[in-house]
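Descriptive structure summary
Spelled out, the chains give:
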Amino acid sequence: MTDPEPTPDEIGRAGSAALARALGSADPVLLDDAVAMLDRAVSRSEVGDLGLPARLSNLGAALRTRWERRGNPADLGAAHRALTRAVELGAGDPSMRRYLANLGAVEVSIARSTGSADDLDHAVETLEKARAATAEGDPERRDRSYNLGEALALRFRLRNTPADLDTAIGYYQEAQGEDPADRPHVALGLGSAHLNRYELTEAVSDLTEAVGLLGIAVLRTPDQDPRRPARLAQLGTALVQLGSRSGAAVPWHAAVATLREALDAIDETAPIWAGVATSLGSALRGRAERGVGPTTDADEAVRLLSLAVERTPPGHPERAMRRSNLVNALVTRGAGGGAAVDEHIRLLEDIVAEHGWDEPRRAMTLVALGGMLRTRGLRLQSEPDLERAVELTAEAVRGVANPTERGQYLAALAQARKTWAELTGSVAVARLAVESGREALALLPRDHGARAAVRAVLAEALRALAARTADGALVAEAVNEARAAVTATPAEHPARAGRVVLLAHTLHTQAKRLESVALLDEGIGVLHEQHDPTDLAILLLTRYDLIGDPTDLSCAVDTLRAAATGNDDDPAPQANLAVALHTLAELTGDSRVLDDAVRSARAALGSTTRGTRDHTQRLSNLGPILRSRFEYRRDVGDLDEAIEALQASVAETPSDHPDLPGRLSNLGELQRTRAEAHNDPADADAAVAVLRRAVAAAPDGDPDRSGILTNLGSALQTRARIAESRGIDGDRDRAAAVAAAQEAIDARPTTGAGRYRYLSNLGNALLAAGALDEAVATQQKALAAAPPTAAGRATVQANLATALERRHRETGSVADLHGALAATRSAATDATSTAEQRLVAAWAWADLAVRQSGKVASAADAVAVATDLAEIVVYGLGRGVGDRRSLRRFAGFASDAAAVAVAGGRPDVAVQSLEQSRGIGWHRLGSRTKVDRLYDAHPELAARLALVRRALDRPADDSA
């Protein structure tokens, strides 16, 4: 006798029990058995069977569970059909609330798989009916509230409707009860909703609540529970947000560990694997960008994101976003040079062209594409790339409403606009860059981790705009923002080095504008922290210009020479070295150093692509170096080449570019030099015209405006001298030169370290115009304003002596003669001057003493000083044309010195002068010296020797 066939009700109960076991296990066989039994129970049920709706509902729930685990669309479709039929057949059934709840859950799953908010509207209606059908005291009402919260939270994510999210949080809280740990699935939903609201409002309370609730959900989920990996993934996503917000390393490590655990627990064929792999890859990329994890983070991120893209079919709503994440990871890893950037741009353009994905995520990809175009535009100096980068990033900004996302995108827009403005010289675009940066900073909460990056972007934009407008307030704001960016960036953060360099550059700009040694020292200090030698050398050169310490110059030259040696791929170190060598040559008077400066400047220019900003700048740098060599050699070819280089540089510079005034000024000074060399009025006219154009182009507040006005004054005086040599009145030009010199002083800071130079220039202009009293008074002010260690102090003393001696000749004032003698004596013993400068001053001292006052004893003292200096001067000379001219400058020195010494009762000095002079010329001009050979073999050592000689030939300090 066989056992009787089980009834549909018995099969249904067995299926429900099997489903309960399957829900607590990851064993797929258990779930298949449950589905099979429940399907059999339904198929054996007769029409009109009162138990059929319940069996259909349970079957639908089982099929939905199997879809969640395996992703077979057929299961989801079958579940919906079963549950729809259960609701149709269950009218009046006391369990209708459960049928509606299960149907609503399946409709939510369908909406989640299709990404359709319209499908979700019906699900929300169904779930609202289920909740309304459940009495308030019914224990199941909390489940109905949970289901409705899930549906509304998903509709918020699809439609970005904040009201849905707030309502969802209310339902979740109702479902949660007093203790979140009692219902981990509710803690999961509520935590996810808080995370969504944090992304919308940036309220830290929502973020911390999300992390806490999601942590509870994970802790209360057993290791073997198949829902645990998804909950770990949710927690990992919240921890990534916490790491981004705080900037701390700990949340990033926790996020990576949590997401790695989630991924390890998921079968690679499961539908959620690609999503979790994307989350882990993005977390690894974020940690790599901050430099707080292993060096392998970026490589692993690329691997995982590549697999996620491979396993996401075309048309999937997440495919575009996952491809975009992959490109971002490739960029973070640094996947190559120009060809890689081109490939990244192509991929991002393909992603942007894809349809079916929401606007916020499209905006993220537009920003990424804009960033890649900016990178290529910067490398190729391409205006079209930079213009398109701005357009795409602006489109992204328009596509987001979230304040934080909008703020971060605005920062990217500020950066793109700043780069475009730098290439084109557009002041209007530069202003827009600053506006974008300020708006970005205002949108980010004060405790947001991205504020440091946005401050750095804003500082760059402010500095770029200040360069075009000479607005000192913008520079001050840039310094404040750069300081704040560095202060907010942890020492181990990979972006700190770049932000420190930005701060140093901004301080450098402000220090030059205000002639502030204190700001320079601050910049040098922060660069020492980051051990950035090239930028440090540039600041040291500026500090040398302000205070004249040869140690700064020596360190800068050594650093830049080391950077240029063996670096054939990058012409920038050679260009910087040329500037430093030029300064060194002017200090030491060594024409060999000047030759090296010319070679470095030409090498840098020859290695730079024509038509680029760098090429224009290096043409401009070459001109002044060649002019200095002309001053040594008097080779007109150098001067002509210098003028041609500056003319080409000016021609390549846009009319509204901030560097145009300086380049015009250099060109005008070269033309003035040639006019003076040839006594050519045409060159003098050209120089004045170019320099007036430079003054007109330099805005008020431009730190270079004073120098341009000084050059204009010099050109006007040169034109006046040339005119007078031809019998033409030059008074008008001399008066204009005084006005230019006065305007140059007015444009300087009243406490600037270099103000004394401009006062001395004004004194010279007044002297040339015949205003003797004003000239003397102005030179006295200049000397009083010159810092004790200033390299130009001796020049001011000499200028004062000239003015006093001129007034003595006009008025016969003995006091003026004594003052002139005192000034030349001070210049001859000034510790800041070169030996050659002091030798000239000593000879002027002797000349004044003998020819004007008959003070032979004082003249003999001057000759004694000059005799000691003569050999030092000649020792430092080489064998070039300029060196022979330097020797001729002191022709007749020995015989005149001997005569003065004998007349002054110093025969010993007379003999010394004659003995020293006898072999100097033959020794220096007839053979190569040890210094020559040292310079050939080790130019850096020879340069150091020149600086040591420069230091040693200073007079002893008797103040101690």
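Residues numbered from 1 in each chain as written. Predicted model: local features only at pLDDT ≥ 70, side-chain atom pairs only at ≥ 80, totals over all residues. Heavy atoms only, no water.

Section: the overall build of the chain
- In terms of helices and strands, the chain carries 45 helices and zero strands.
- Going through the 960 residues of the chain one by one, you find that 52% of them count as buried.
- Summed over all atoms, the accessible surface of the chain reaches about 41000 Å², with 52% contributed by carbon and sulfur. (Helix = DSSP H or I, 4+ residues; strand = E, 2+ residues; numbered from the N terminus. Buried < 20%, exposed > 50% of the residue type's maximum accessible area, 1.4 Å probe, protein only. Areas by Shrake-Rupley, 256 points an atom, 1.4 Å probe, with all protein chains shown as cover.)

Here's the deal with the packing of aromatic side chains
- Scanning the entire structure with this criterion turns up one aromatic pair.
- The lysine or arginine in question, Arg311, covers the ring of Trp273, its NZ or CZ lying 4.4 Å from the ring centre. (Phe/Tyr/Trp six-rings, centres within 6.5 Å; stacked < 30°, edge-to-face > 60°. Lys NZ or Arg CZ within 6 Å of the ring centre and 35° of its normal.)

Description of helix α26 (residues 550-564)
- Taking 1.5 Å as the rise per residue, α26 with 15 residues should run 21 Å; its terminal C-alpha atoms sit 21 Å apart, in good agreement.
- Of all the residues in α26, the buried ones are Pro550, Asp552, Leu553, Ser554, Ala556, Val557, Thr559, Leu560, Arg561 and Ala564.
- At the C-terminal side of α26, Gly566 shows a positive phi close to 75°. (Expected span 1.5 Å × (residues − 1).)

A look at a negative patch on the surface
- Where like charges cluster on the molecular surface, the negative patch consists of Asp568, Asp569, Asp570 and Asp614.
- Residue position: Asp569 is located in the loop between α26 and α27 (572-588).
- Classification of Asp569 by relative accessible area gives exposed; the value is 77%. (Patch = residues over 30% accessible without salt bridge, like charges linked within 9 Å, V, L, I, M, F, W, Y side chains within 5 Å. Salt bridge = Lys/Arg side-chain N within 4 Å of Asp/Glu carboxyl O. Lys, Arg positive; Asp, Glu negative; His and termini not counted. Charge placed at Lys NZ, Arg CZ, Asp CG, Glu CD.)

Comments concerning the pattern of salt bridges
- On inspection of all chains with the given rule, the structure shows 60 salt bridges.
- For Asp683, the salt bridge identified is with Arg674, shortest N-O distance 2.9 Å.
- For Glu805, the salt bridge identified is with Arg809, shortest N-O distance 3.0 Å. Here the residue Glu805 and the residue Arg809 both occupy positions in helix α37 (residues 793-811), the gap between them amounting to four residues, near one helical turn.
- Under the relative-accessibility criterion, Arg809 is labelled exposed at 52%.
- What emerges from the salt-bridge pattern is a single network uniting Arg627, Glu631, Arg634, Glu669, Arg672, Glu676 and Arg721.

Comments concerning the nonpolar core
- Counting residues in hydrophobic clusters, the biggest one holds 101 residues, and the most contacted among them are Leu553, Leu581, Ile625 and Leu712.
- Apart from residues lying up to four places away in sequence, Leu712 is in contact with Val688, Leu691, Arg692, Val695 and Ala740.
- With 63 residues, the next largest nonpolar core counts Ala123, Leu214, Ala308 and Leu330 among its residues. (Core = buried A, V, L, I, M, F, W, Y, C linked by side-chain atoms within 4.5 Å. Contact = heavy atoms within 4.5 Å.)

A few points about unusual backbone geometry
- Positive phi, close to 50°, is recorded for Glu515, a residue that is not glycine.
- In this structure, Glu515 sits in the loop between α23 (496-514) and α24 (517-530).
- Backbone geometry places Arg634, a non-glycine residue, at a positive phi of 60°.
- Relative to the helices and strands, Arg634 resides in the loop between α29 (613-633) and α30 (636-652).

Concerning the environment of Ala217
- For Ala217, the location among the structural elements is in helix α10 (residues 204-219).
- A relative accessible area of 0% places Ala217 in the buried class.
- Expressed as a C-alpha distance, the spacing of Ala217 and Pro180, which sit 37 residues apart in the sequence, is 8.4 Å.
- Residue contacts for Ala217: discarding those within four places in its chain leaves Pro184, Ala187, Leu188 and Arg231.

What to know about α30
- For α30, which comprises 17 residues, the first-to-last C-alpha distance of 25 Å matches the rise-based estimate of 24 Å (1.5 Å per residue) to within 8%.
- Residues Asp638, Leu639, Ala642, Ile643, Ala645, Leu646, Ser649 and Val650 constitute the buried set of α30. All buried residues of α30 lie within an arc of 160° about the axis, which places them on one face of the element. Facing away from the buried side of α30, by more than 90 degrees, are the exposed residues Glu644 and Ala651.
- Buried residues along α30 sit against α28 (591-606), α29, α31 (660-678) and α32 (681-697).
- Regarding α30, its N-cap is Asp635, as a side-chain oxygen of that residue lies 2.8 Å from the backbone nitrogen of Gly637 further along. (Arc of directions from axis to C-beta. Polar contact = N/O pair within 3.5 Å; in protein donor to acceptor, adjacent residues only side chain to side chain.)

Section: the packing of α31 against helix α33 (residues 705-725)
- Remark: α31 packs on α33, axes separated minimally by 10 Å, with the N-to-C direction vectors making an angle of 20°. By the angle class used here, α31 and α33 are roughly parallel. Here the hand of the crossing between α31 and α33 comes out left-handed. Within the contact between the two elements, α31 uses Pro661, Gly662, Ser665, Glu669, Arg672, Ala675 and Glu676 and α33 uses Gly707, Ile708, Asn711, Ser714, Ala715, Thr718, Arg721 and Ile722.
- The residue inventory of the contact of α31 with α33, partitioned by class, reads five nonpolar, six polar and four charged. (Axes fitted to C-alpha atoms, helices over the stretch in contact; angles between N-to-C directions. Parallel < 35°, antiparallel > 145°, perpendicular 65-115°, else oblique. Left-handed = near helix turned anticlockwise from the far one by under 90°. Nonpolar A, V, L, I, M, F, W, Y, C, P; charged D, E, K, R; others polar.)

Looking at the confidence of the model for the chain
- Mean pLDDT over the chain stands at 83; residues scoring 70 or higher make up 85%.
- Confidence drops under a pLDDT of 50 for residues 876-889, and excluding neighbours within four residues, the segment shows 32 contacts in the predicted structure. (pLDDT = per-residue confidence, 0-100.)

A look at the packing of α31 against α32
- Where α31 meets α32, the closest approach of the two axes is 8 Å, and the angle between their N-to-C directions is 165°. As far as their axial angle goes, α32 and α31 are roughly antiparallel. Every pair of crossing elements has a handedness; the one defined by α31 and α32 is left-handed. Together, Leu660, Pro661, Leu664, Ser665, Leu667, Gly668, Glu669, Gln671, Arg672, Arg674 and Ala675 of α31 and Asp683, Ala684, Ala686, Ala687, Val690, Leu691, Arg693, Ala694 and Ala697 of α32 make up the contact between the two elements.
- Here the contact of α31 with α32 is composed, by residue class, of 12 nonpolar, three polar and five charged.

What to know about the side chain of Ser382
- Looking at the secondary structure, you find Ser382 in the loop between α17 (359-380) and α18 (383-398).
- For Ser382, the side chain forms a polar contact with the main-chain nitrogen of Asp385, separated by 3.2 Å.
- Among all residues touching Ser382, those that are not within four sequence positions of it are Gly377 and Leu423.

A short note on the environment of Pro271
- In this fold, Pro271 is placed in the loop between α12 (249-264) and α13 (273-290).
- Here Pro271 falls in the partly exposed class, since its relative accessible area comes to 42%.
- Separated by 201 residues in sequence, Pro271 and Arg70 have C-alpha atoms that sit 6.4 Å apart.
- Pro271 has contacts with Glu68, Arg69, Arg70 and Gly71, leaving out every residue within four places of it along the chain.

Notes on the environment of Thr824
- Along the polypeptide, Thr824 turns up in helix α38 (residues 814-828).
- Once the C-alpha coordinates of Thr824 and Thr802 are considered, the two residues, 22 residues apart in sequence, prove to be 9.0 Å apart.
- At 2.9 Å, the side chain of Thr824 forms a polar contact with the backbone oxygen of Leu821.

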